[in-house]
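# Structure assessment
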Amino acid sequence: MGSHGKVYTLAEVSTHNTNKDCWLVINGKVYDVTKFLEDHPGGDDVLLSSTGKDATDDFEDIGHSNTARAMMDEYLIGKIDTATIPQKFKYTPPKQPHYNQDKTSEFIIRLLQFLVPVAILGSAVAVRIYTKAA
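Residues numbered from 1 in each chain as written. Predicted model: local features only at pLDDT ≥ 70, side-chain atom pairs only at ≥ 80, totals over all residues. Heavy atoms only, no water.

The name given to the protein in an unreviewed UniProt entry is Cytochrome b5 heme-binding domain-containing protein, with the source organism recorded as Ensete ventricosum. UniProt, in its Sequence similarities (unreviewed entry) section for the protein, records the words "Belongs to the cytochrome b5 family." (UniProt positions renumbered as here; feature names shortened; annotations may be inferred.)

Here is the structure:
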């Protein structure tokens, strides 16, 4: 195995993506997990699907135990050159213009929101006064 101080590029690590030779990048460190594939509780497919990229998010999303984290030192072979890892960009959806389905102007809608309750209240008062007088 290599020295723990060796620095690998993502391209180098990406070539190790089979069940006979499997390397992972987690938290800026490179791990040769080939010997662990058969023993991994989630199966070897889980580890193989995380090759060729920064697998930190995949690793952290699972919620590994402290024991699992301690076992990682056994498979550590070096560090990753962070300049070779593509940056992640957070997706920001484009701003959508306000869509007014019935094409009624904002002024008319606001006017109606005020006038309709006033008209109902006026009608209720008129009915009350008319029924009292009779």
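## Structural notes on the overall build of the protein
Helix and strand counts for the protein come out as five helices and five strands. Listed by position from the N terminus, the elements making up the protein come as β-α-β-β-β-α-α-α-β-α. Relative to its 134 residues, the protein shows a buried fraction of 24%. When contacts within the protein are restricted to residue pairs at least 6 apart in sequence, long-range pairs at least 24 apart make up 68% of them. Carbon and sulfur atoms provide 60% of the accessible area of the protein, an area that totals close to 10,200 Å². (Helix = DSSP H or I, 4+ residues; strand = E, 2+ residues; numbered from the N terminus. Buried < 20%, exposed > 50% of the residue type's maximum accessible area, 1.4 Å probe, protein only. Contact = heavy atoms within 4.5 Å. Areas by Shrake-Rupley, 256 points an atom, 1.4 Å probe, with all protein chains shown as cover.)

## Topic: the UniProt feature "transmembrane region" (unreviewed entry) in the protein
As recorded in UniProt, the sites labelled "transmembrane region" (unreviewed entry) are residues 107–130. Between the first and last C-alpha atoms of residues 107–130 the distance is 34 Å; the span itself is 100% helix and 0% strand.

## Examining the environment of R69
One can find R69 in helix α4 (residues 66–71). With ten residues separating them in the primary sequence, R69 and F59 have C-alpha atoms 9.9 Å apart. Setting aside residues up to four positions removed in sequence, R69 forms contacts with F59, E60 and H64.

## Examining the pairing of strand β3 (residues 21–26)
Of all six residues in β3, five are buried; the element is thus mostly enclosed. Bridge count between strand β2 (residues 17–18) and β3: two bridges; the pairing is antiparallel. Residue pairing for β3: N17 is matched across the bridge by C22. If you look at the hairpin formed by β2 and β3, you'll find two residues sitting between the two strands. (Pairing = 2+ DSSP bridges.)

## A short note on the pattern of salt bridges
Close approach of charged atoms allows side chains with opposite charge to pair. Evaluated as defined, the whole model comprises two salt bridges. Ionic pairing is found between D58 and K53, a salt bridge with its closest N-O pair at 3.0 Å. The salt bridge involving R69 is made with E60; its shortest N-O contact spans 3.0 Å. When its relative accessible area of 30% is taken as the criterion, R69 is described as partly exposed. (Salt bridge = Lys/Arg side-chain N within 4 Å of Asp/Glu carboxyl O.)

## Considerations on the side chain of T56
In this structure, T56 sits in helix α3 (residues 56–62). Judged by relative accessible area, which is 13%, T56 ranks as buried. A distance of 2.7 Å separates the side chain of T56 from the backbone nitrogen of N27, its partner in a polar contact. With residues up to four places along the chain from it excluded, the contact list for T56 reads V25, I26 and N27. (Polar contact = N/O pair within 3.5 Å; in protein donor to acceptor, adjacent residues only side chain to side chain.)

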